[in-house]
Amino acid sequence: MTLTVAFQMDHIRSLKIAGDTGFALLLEAQRRGHRVLHYTPDRLSLRDGAVIAMAEPVEARDVEGDHFTLGTPERVDLSGVDAVLMRQDPPFDLAYITATHFLERIHPKTLVVNDPSHVRNAPEKIFVTHFPHLMPPTLISRDKQEIEEFRREHGDVVMKPLYGHGGASVFKVGREDPNFGSLYDLFANLFREPWVIQRFLPKITEGDKRIILIDGEAAGAINRVPAANDIRSNMVRGGAAKPTDLTPREREICETIGPDLKRMGLILVGIDVIDGNLTEINVTAPTGIRAIKRLGGPDLAVTVWDVIESKVKQ
C-alpha cells in the first residue's frame, strides 16, 4: 500500500537529525515506499473551506549535513493526501492552535497524527493534571499568595512556564530562597499565562524517564540524566540518554493513561516520569525514538507507521 503523506514540520534543513523523531518517521515512510511531502506551518492556508499547503516532495538521507533534497513546490489540497504528521516543535502558541483548527477540517478523512482537536485540548502541562494521583503535588497559578502557600507546604519547588518546552526557564526555588521575589517578577513580565509549580523531586539526579506510548501502549523508554549542577534532563540541555526498563509503577502509569490516549487519537505520545511521578504528557511533537533505537531498543518508527497504515486502511 503506497500512501501520500505530508509532514508539517520545522524546515528540514534546521533539524538535528541524530535525535529528531520527525526525521526518523520521515525515513521510515520513505523506506516503505510512500510519497512524502514536506511543508512548514507558515505554508498552511485555509481557502474557501479547503486546507491547502505549499509542499515539496522530499528525499531524505541519514547523512548529517546532506540529509535532504527537496523537489519543486506544489499547491496541495490536504484533503487529498492519506495522512498528515504534525511535527513542528512548540511553542504551543496561537499559531500552533490555529494550525490545529485548520487540520481539524480534514481529519479523520485525512488521518492527522496526532488528532488536531485533542492536541489543542491537551496541552502537556495541563492535560497531565487529569491524573493527579500519578503526579507530584502541582500548582498552576500566577497568584503570588497561592505560590507562597504552596512553597510553605512543600518546601523546595520547581517553577516553569506553562507552555514552555525543551527545559527552557525551569528553576528550582528553595523554601526560603531569597531569589523568589525576583524570579516571580521575571515570570510576571515574561509570561501572561499561569506557571507550573511542582514539589521538587530530589531523585531527578537519577534521571527523568521519557516513555513513548504508541496508540495507548508503552513501546519504549530512555532515562535522561541531567548534567552536573543542572536539574534539567532534556537532551537539548545537556542531559545524557541511558538505556532503561520500565518499573511496575511506570507500567501502572502507562496502563492508566493509555486508554484515554488511544480514545483521543493521540497515536504518538511521550510522557515524563521522575521517581515514579508523572510530570508531563507530551502530545505535540514528542521526541526520543532515535535515542531509544540507538541505545539498543526497538525501532519505534516502524511501530508508528504500522499503526498509521492500519488506521488509513480503515
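Our structure is the block above this text.
Because the structure is a prediction, the values reported are computed rather than measured.

> I'd love a proper account of unusual backbone geometry, names of residues and values included.
Most peptide bonds take the trans configuration, and most residues that are not glycine carry a negative phi. A cis amide bond, omega 10°, links His-107 with the succeeding residue Pro-108. The residue Pro-108 is located in the loop between helix 2 (94-104) and strand 8 (111-113) in this model. Following Val-113, the chain continues into Asn-114 via a peptide bond in cis, with omega recorded as 0°. Along the chain, the position of Asn-114 falls in the loop between strand 8 and helix 3 (116-121). At Asp-275, a position not held by glycine, the phi torsion is positive, near 50°.

> Run through a nonpolar patch on the surface, naming residues and quoting values.
Nonpolar side chains collect at one region of the surface, where Phe-171, Leu-186 and Leu-190 lie side by side and expose about 260 Å² of accessible area between them. Phe-171 sits in the partly exposed class, given a relative accessible area of 32%.

> An account of the sheet that holds strand 10 (residues 157-161) is needed here, citing residue identities and associated values.
Pairing is antiparallel in the open sheet, where four strands are placed in the order 9-12-10-11. With one partner strand each, in any of the chains shown, strand 9 (138-141) and strand 11 (171-173) form the two edges of the open sheet. Shown here is a sheet whose adjacent strand axes are inclined to one another by a mean of 25°, direction ignored. Of the strand pairs in this sheet, strand 9 and strand 12 (residues 195-199) are connected by four bridges, and their pairing is antiparallel. Within the sheet, the bridge partner assigned to Ile-140 lies in strand 12 and is Val-196. Sitting on the sheet, helix 6 (residues 180-190) is in contact with strand 10, strand 11 and strand 12, with an inclination near 20° to strand 10.

> Before we move on, can you summarise the pairing of strand 4 (residues 50-60) with the specific residues and values?
Direction of pairing for strand 2 (residues 35-39) relative to strand 4: antiparallel, over a ladder of two bridges. Residue pairing across strands places His-38 opposite Glu-56, the latter belonging to strand 4. Bridge count between strand 4 and strand 5 (residues 68-70): three bridges; the pairing is antiparallel. Note on strand 5: the bridge partner recorded for Val-58 is Leu-70.

> Explain the nonpolar core to me, using residue names and the numbers behind them.
Formed by 42 residues in total, the largest nonpolar core has its most connected members in Leu-78, Leu-103, Ile-271 and Ile-281. Of all the elements in the fold, those that place two or more residues in this core are strand 2, strand 4, strand 7 (83-86), helix 2, strand 13 (208-214), helix 7 (248-263), strand 16 (268-274) and strand 17 (277-282). Among the nonpolar cores identified, the runner-up in size contains 35 residues, and Leu-15, Ala-83, Leu-268 and Ala-301 belong to it.

> Go over the pairing of strand 16 with me, naming the residues and quoting the values.
In terms of residue burial, strand 16 counts as a mostly covered element, since seven of its seven residues are buried. As defined by bridge partners, strand 13 adjoins strand 16 across six bridges and the pair is classed as antiparallel. Directly across from Ile-212, in strand 16, lies its bridge partner Gly-270. Taken together, the five bridges between strand 16 and strand 17 define a ladder with antiparallel strand orientation. Bridge pairing in strand 17 places Ile-274 opposite Asn-277.

> Run through the sheet that holds strand 17, naming residues and quoting values.
Reading across from one edge, 15-14-13-16-17 is the order of the five strands in this open sheet, with antiparallel pairing throughout. Looking at which strands have only one partner, the edges of the open sheet turn out to be strand 15 (240-243) and strand 17. Neighbouring strand axes in the sheet, compared pairwise and without regard to direction, differ in orientation by 30° on average. Where strand 14 (residues 217-225) lies against strand 15, four bridges are found, and the strand directions are antiparallel. Of the residues in strand 15, the one forming a bridge with Arg-224 is Ala-241. Those strands touched by helix 7 are strand 13, strand 14, strand 16 and strand 17, and its axis lies near 40° from that of strand 13.

> With reference to specific residues and values, describe the environment of Pro-137.
Tracing the sequence through the fold places Pro-137 in the loop between helix 4 (124-127) and strand 9. Expressed as a C-alpha distance, the spacing of Pro-137 and Phe-150, which sit 13 residues apart in the sequence, is 9.0 Å.

> Explain the packing of aromatic side chains to me, using residue names and the numbers behind them.
Under the definition given, this model contains eight aromatic pairs. A centroid spacing of 5.6 Å and a plane angle of 40° characterise the contact between Phe-92 and Tyr-96, whose relative ring orientation is tilted. A residue is classified by how much of its surface remains accessible, and Phe-92, at 11% relative accessible area, is buried. For Tyr-96, a relative accessible area of 2% translates into the label buried. Taken together, a centroid distance of 5.9 Å and an interplanar angle of 65° make the contact between Phe-171 and Phe-187 edge-to-face. Of the two residues, Phe-171 sits in strand 11 while Phe-187 sits in helix 6, which places them 16 residues apart along the sequence. Relative accessible area serves as the criterion here: at 1%, Phe-187 is assigned to the buried category.

Scoring rules and cut-offs
- Residues numbered from 1 in each chain as written.
- Predicted model: local features only at pLDDT ≥ 70, side-chain atom pairs only at ≥ 80, totals over all residues.
- Heavy atoms only, no water.
- Helix = DSSP H or I, 4+ residues; strand = E, 2+ residues; numbered from the N terminus.
- Patch = residues over 30% accessible without salt bridge, like charges linked within 9 Å, V, L, I, M, F, W, Y side chains within 5 Å.
- Areas by Shrake-Rupley, 256 points an atom, 1.4 Å probe, with all protein chains shown as cover.
- Salt bridge = Lys/Arg side-chain N within 4 Å of Asp/Glu carboxyl O.
- Buried < 20%, exposed > 50% of the residue type's maximum accessible area, 1.4 Å probe, protein only.
- Pairing = 2+ DSSP bridges.
- Axes fitted to C-alpha atoms, helices over the stretch in contact; angles between N-to-C directions.
- Contact = heavy atoms within 4.5 Å.
- Core = buried A, V, L, I, M, F, W, Y, C linked by side-chain atoms within 4.5 Å.
- Phe/Tyr/Trp six-rings, centres within 6.5 Å; stacked < 30°, edge-to-face > 60°.

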